[in-house]
Amino acid sequence: MSLILESAEPREVHHFALLFGFGASAINPYLVNEIIRAEAEKGRLENTDPHEAILNYNKAVGKGVLKVMNKIGISTLNSYRGSQLFECIGINSKVVDRFFPNTPTRIEGAGLYEIEKEISRRHQSAFGGNTNLTSVPLPIGGEYRWRRGGEKHQFNPLSVAKLQKAVRSNEPQTYKEYAKLINEQSKQLMTLRGLFEFTNYDPIPLEEVEPWTEIVKRFKTGAMSYGSISQEAHENLAIAMNRIGGKSNSGEGGENPERFYRNQGGDWKNSAIKQVASGRFGVSSNYLSNAQEIQIKMAQGAKPGEGGQLPGPKVNKEIAKTRNSTPYVGLISPPPHHDIYSIEDLSQLIYDLKSANREARINVKLVSEIGVGTIAAGVAKAKADVILISGHDGGTGASPLTSLKHAGLPWELGVAEAQQTLVMNDLRSRVVVECDGQLKTGRDVAIACLLGAEEFGFATAPLVASGCVMMRVCHLNTCPVGIATQNPQLRKKFSGKPEHVVNFMYFVAQELREIMAKLGFRTVKEMVGQVQKLDRKPAIDHMKAQGIDLSPILHRPKVGPDVGLCNTEKQEHGIDKSIEFDIIAKAHPALFRKEKTSLEFGIKNTDRAVGAIISNEISKIYGAEGLPENTLKLIFEGSAGQSFGAFATRGLTMVVNGNTNDYLGKGLSGARLVVKVPEESTLVPEENVITGNVCLYGATSGEAYINGKAGERFCVRNSGARAVVEGIGDHGCEYMTGGVAVILGEFGRNFGAGMSGGIAYIYDPKGQLTENCQNPDLNLLLVEEEEDRRTLQELLQNHYHLTMSPLAQRLLENWESERPHFIKVLPEEYRQALQRLEEERSVEQ
Amino acid sequence: MGKTTGFLEYKRKTESSLPVEERTTHYKEFTKKLRPKEVQNQGARCMDCGIPFCHSGCPLGNLIPDFNDAVYQENWEVAAQILHSTNNFPEFTGRLCPAPCEEACVLGINEDPVAIETIEKNIVERAFAKGLIVPKPPQHRSGKRIAIVGSGPAGLAAAQQLNRAGHEVVVFERNEKPGGLLRYGIPDFKLEKKIIDRRLEVLEKEGIEFRTGVHVGFDISAKELYNEYDAVLLSGGASVARSLSIEGMHLDGVHQAMDFLSQSNQRVSGELNSKKNEERKADILATDKRVVVIGGGDTGSDCIGTSIRQGAEEVTNFEIMPMAGLDRPQNQPWPFWPMRLRTSSSHEEGAERVFSISTKKFIGDKNGRLRALQTVEVKWEKSPKGRLQCIEVPGTEKEWPCELALLALGFTGSEKTIAEELGVDLTQRGNLKASEEDYATDVPGVFAAGDQRRGQSLIVWAISEGREAAYHIDTYLMASSSLARKGEGDLPRV
């Protein structure tokens, strides 16, 4: 049975996604079609004929739905149809049970009566009364761009203007006017927190509340990368947060190592939080070593299920350098982390990062969604130090429209659920809970805190304080105030100052202190999770707010007095048990005197992330430069555990005689890794798997020689390492942006998907590559140019010398006859960028 | 919304003016039109802001990004439609508005703002030229009758809106022709009167009745209107001019700016000539005189330009406040309206501007004619209570020989005749008491809008008030209204 819907209403991607998701087989959006036809006939669509225009619209909707499916991880419409992957906010269960059975709706809300009223209001405006009263045929609306009388936005001309005036002229009174505009939503409800009011007042004198300087240490700015925003804007946030002891966030774009050192004036451009996202851009040992907190971005509240994208024009030379990529090549973060497919994988990554910098807290960023409590409990058990619950309405102006409005959930729901689940499982005291997503005022912070958060992230508001006027053109590189742009002409217009951001944080902290004094809390710590101080506002003048039931958010689990409501203890990471401390003790001559040292150790598969701790020590002393090549050679005998050589830095050579597990050379940062078959073994290397999945994920530099086959997802997001391997599984070199991969055997399915840079040389004597790799963005070439021949030959020679690979030996001995069997895989975008750089160089000369 | 990179490619361009010596020989408008392509490029400079502050800065809530985009797309008809959806008379604001929208333009943060007013004028002029602006009488009549007292921009806007809603509208005007200050205050070189006539013709054809030469409160009592009509809108302006209580006010040669301007406009239009001798007041002419214009506002400027055209020997302009800077004051940052030095086209035509100066007395000759005036320099200091106080600087007295002094000191509120007759309360500031919530006075069925309610203000505010009041009158009569409103979001003055 097929359900075909004919309706005047569907017009946006979300409408179609929703209808398919609830089971429609086909949709006839006749009104949209009629409008398009009429516009085309009037010649307003650049001479597109009506039929073609409708086809174009259909295509756009189709692509939008595809994007939505892709976020969720569904490949075909048949699987998506009827999947019901939605949560309702503000619809009562009577309606949901009848029409959308089994869809979660946690806070109740409008019923059929209110829905009908809204429809009849729309009908009235279309058909009722005198229709020639307004001369625009349709109101502009203001969903995505503010218009008077249209959709309400918290950031509107007045609130932006007031906030900027307050922080620039340091006017507490103007901040209060701003905060009032945001906080008082009784007439124009925009957020769940707008429904709350404080209760159970127990006032204390304001002086007894901890000082603002203590409070702002809990404040953070959002993860916005250098690349998405300009250097000036990015550094401005970092300086401001370092001045007050808060934390700024690098975002996922890496960071210029020059920023790791304080300048003479005492200001510090270092981002306290370094983000590790799926793209792993610029994530190296040195980068991680300079973090106070390392954030694993599992998803982004504003666009769950999507990775970030940096369009080619924004990738200038500086950004490319910071991200270890090629200028002008667009950068796409894959939606998932390729090293995380389970909670155990996440636990492993936490361990790897903790090894790479054991002083830093590990923060796992989750988005508010139903079930986030269970996930948070898992993440707490996986030893995260901080769990961030990110709300839906944050995010950049670069978020796709389909994500801007209808993806993600308010943090009020997520924080409450996470808090309740963590407390019920007595895990809450082990982790810090952070909240972000359009926090704008002290009242917002107070509510987040009462619901269970103890640290707070702000992104849009500090940007507005720095001069952002919510253009929503972040993706176009035309930001006229020098924030979300890399155009040098526009960057000059950046007028934000660290003191503006400091003032904002100060004002928010002061507002929070005033609320704390009224409620009777001396410290934020006392306040966390005290939901009894919140109640529903009695009088809210909003038709659809009447049926809302906030009790699920305000629920406080009944637990014993010994169960903590906030963070009181540290996680046991077990890093101190690593064999690396033994290695470090023996490697002193190399570490401190740069003396060439060679050491031998046994290794077993419970020894994980070996190389990360010693690399952290090297980075702390020598920075990104590391040690001179080959200074410290570590030879292991046995079977290495997961993440061998993770973030291993320059100057290290790590050899395993035996085999290694998954994640070999994760985030490789300059070291040389050699995995070879022990001399006494009788196995034929090229026929046997010697290392696991996801080798060299996010490697930024270094070399790896693998004397055997590797598993799936080899060299995903490699941006600079050179690797030789004797065969790989599926999905090799996905999203690769730099470096070289030499594959001397099988190369699996889906090779080079999303690959936008770097080169792969594949030994393909049977000519199977063209069959398996049908990516139009990749050039498949013969190895003919001098440079290619030299590179390949050199890597093969290294491979032979380091591993004694019989295969390498054979290929080198018959070099002239074997060379034509090699295919060079060169991404087209990369080729064009290299050409452009070459041209620029010759112009400069 | 314009072109994504338009603001990086094109420079701001507005209409240029004819040279001073050429334009001061006549009373006609003196700007040179832009070519359509140039206007289109100005539209391209609009950046499609996520928050269009211009839209908030415009008291009418003009849909500026939307008509800019239509202009960029060369969709002039759509542009005119969008423009008229929020503004009944863009040809007035397109010429006369000080453009708070441009002060709020995002591009104006660090570049020259989008030439919104120029675009507005071009849209409406093109629409008129192409015959797109035609009378649109309502399809149905409600049977309700509304009297509007005063035919300035507020009254006219309310009339058109209420007529569109199907009501029968009669506009009362005490002068010979409708238009209020547009006709009798603003000189022709800023707004040629045929521009008003062109629009009045449309309004009349839509069914609005104008009764001119009828002075409500004298020729007909306000009570009569109140009894005869279903609703009354008072939009008679803030017509009580501020005066000075100093020595020599009675001298021949000391005049209120409005008396001078009104007479000049009537002279230009020929209305004066057609008047009977007994109705004519004595001529106020600047010809061959040394003229001092007291007051540095827009009316002062109009006096300067008119005096120069009449052949004044020299023109001096006094302003009691200190000279403002060219940049925004720090306490009035973007996007708020800044008090800064504005130089009008009349200033350019040759007037000496003197700031921080106060007039102490007028000095006459033995025939009672103005011979000179005496001034003193002033400085402004904050009192202990934080109020600005004007303090005379001792020893700075000076005498300025002059034969004509024009007082352009602003207005102090509404005339009281009608208010008293109907029992409508006045505010402390002398305006009719009616809140912005519903524009209703305390007398049921009597509404107020424009300067008479708001106090002296801009044309754009008058039109806005007229439109909003119309919505409330319609609601009052019909229980609901489909008339357009601007929606909240006005930027306040700081």
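As the structure is a prediction and not an experimental result, all values here were calculated from the model.

Next up on the list: the pairing of strand β17 (residues 597–603) of chain A. Residue and element names in this part refer to chain A. One ladder, built from seven bridges, connects β17 with strand β18 (residues 632–640); its direction is parallel. Considered in β18, the bridge of leucine 599 is made with leucine 634. Handedness of the crossover is the feature at issue here: the chain leaves β17, passes through helix α24 (residues 612–622), returns alongside β18, and the resulting connection is right-handed.

Angle between the axes and distance between the axes are the two parameters that describe a pair of packed helices. Residue and element names in this part refer to chain B. Look at helix α5 (residues 64–72) against helix α9 (residues 116–129): their axes get within 11 Å of each other, and the N-to-C directions meet at 60°. Considered as vectors, α5 and α9 are oriented oblique to each other. Of the two elements, α5 crosses α9, and the hand of that crossing is left-handed. Residues Ile64, Phe67, Asn68 and Val71 of α5 lie in contact with α9, whose contacting residues are Ile116, Ile119 and Ile123. Residues belonging to the contact of α5 with α9 are distributed by class as follows: six nonpolar, one polar and no charged.

The subject of this paragraph is the UniProt feature "domain: FAD/NAD(P)-binding" (unreviewed entry) in chain B. The feature "domain: FAD/NAD(P)-binding" (unreviewed entry), as given by UniProt, occupies residues 145–466 of chain B in the numbering adopted here. Secondary structure content for residues 145–466 of chain B is 26% helix and 24% strand, while the C-alpha to C-alpha distance between its ends is 17 Å.

Here we come to the sheet that holds β18(A). All names here are of chain A. Spatially, 10 strands are ordered β17-β18-β19-β20-β21-β22-β23-β24-β26-β25 in an open sheet, and the strand pairing comes out mixed. The sheet is open, and its two borders are formed by β17 and β25 (778–782), each paired with just one other strand. Across the sheet, the axes of successive neighbouring strands diverge by a mean angle of 15°, strand direction being ignored. Sitting on the sheet, helix α29 (residues 828–844) touches β24 (757–763), β25 and β26 (822–827), and the angle it makes with β26 is about 75°.

All right, on to the UniProt feature "domain: Dihydroprymidine dehydrogenase" (unreviewed entry) in chain B then. In the UniProt entry, the feature "domain: Dihydroprymidine dehydrogenase" (unreviewed entry) is given for residues 24–130 of chain B. Along residues 24–130 of chain B one finds 56% helix and 2% strand; the C-alpha atoms at either end are 31 Å apart.

Ranked by size, the top nonpolar core spans 312 residues in total, and within it Leu366(A), Ile387(A), Ala448(A), Leu696(A), Leu233(B) and Phe447(B) carry the most contacts. In this structure Leu366(A) touches Met298(A), Ala299(A), Val372(A), Ile375(A), Ala376(A), Val379(A), Ile387(A), Leu388(A), Ile389(A) and Ser390(A), once residues within four positions along its chain are discounted. Counting 28 residues, the second-largest nonpolar core is a separate cluster that includes Val254(B), Ala286(B), Ala351(B) and Phe362(B).

Negative phi values dominate among residues other than glycine, just as trans dominates among peptide bonds. Note the cis peptide between Trp334(B) and Pro335(B), where omega equals 0°. With respect to the secondary-structure elements, Pro335(B) resides in the loop between β10 (314–318) and α16 (345–348). Unlike most non-glycine residues, His731(A) shows phi in positive territory, near 60°. With respect to the helices, strands and loops of the structure, His731(A) is situated in the loop between β22 (719–725) and β23 (737–743).

Residues and elements named next belong to chain B. Taking strand neighbours across the sheet as the criterion, the five strands line up as β5-β4-β3-β6-β18 in an open arrangement whose pairing is parallel. Since the sheet does not close on itself, it has two edges, and those belong to β5 (209–212) and β18 (446–448), each with one partner. Put simply, the sheet's adjacent strands are angled 20° from each other on average, direction ignored. As defined by bridge partners, strand β6 (residues 231–234) adjoins β18 across three bridges and the pair is classed as parallel. Among the inter-strand pairings, leucine 234 is bridged to a residue of β18, identified as alanine 448. Here helix α10 (residues 153–164) sits on the sheet and contacts β3 (145–149), β4 (168–173) and β6; the angle it forms with β4, its principal contact strand, is near 165°.

Here we take up the domain arrangement of chain A. Residue and element names in this part refer to chain A. Assigned domains of chain A: these are domain 1 (4–127) and domain 2 (216–497). For domain 1 and domain 2, the distance between their C-alpha centres works out to 32 Å. Contacts between the two partners involve 11 residues from domain 1, matched on the other side by 10 residues from domain 2. Where the side of domain 1 that touches domain 2 is concerned, the elements lending two or more residues are α1 (13–21) and α3 (50–72). The element that contributes the greatest number of residues to the side of domain 1 that touches domain 2 is α3, accounting for five residues. Split by residue class, the side of domain 1 that touches domain 2 holds five nonpolar, two polar and four charged.

Glancing now at the domain arrangement of chain B. All names here are of chain B. Each assigned domain of chain B is listed with its residue range as follows: domain 1 (6–129), domain 2 (145–239 + 412–478) and domain 3 (243–409). Placing the centre of domain 2 and that of domain 3 at their C-alpha centroids yields a distance of 29 Å. Across the contact, nine residues belong to domain 2 and 11 residues belong to domain 3.

The rules we used
Residues numbered from 1 in each chain as written. Chains lettered and ligands numbered in written order. Predicted model: local features only at pLDDT ≥ 70, side-chain atom pairs only at ≥ 80, totals over all residues. Pairing = 2+ DSSP bridges. Helix = DSSP H or I, 4+ residues; strand = E, 2+ residues; numbered from the N terminus. Right-handed = clockwise from strand over helix to strand, strands pointing away. Axes fitted to C-alpha atoms, helices over the stretch in contact; angles between N-to-C directions. Parallel < 35°, antiparallel > 145°, perpendicular 65-115°, else oblique. Left-handed = near helix turned anticlockwise from the far one by under 90°. Contact = placed C-beta atoms within 7 Å. Nonpolar A, V, L, I, M, F, W, Y, C, P; charged D, E, K, R; others polar. UniProt positions renumbered as here; feature names shortened; annotations may be inferred. Core = buried A, V, L, I, M, F, W, Y, C linked by C-beta atoms within 7 Å. Buried ≥ 20, exposed ≤ 12 C-beta atoms within 10 Å, placed from the backbone. Domains from an automatic or database assignment.

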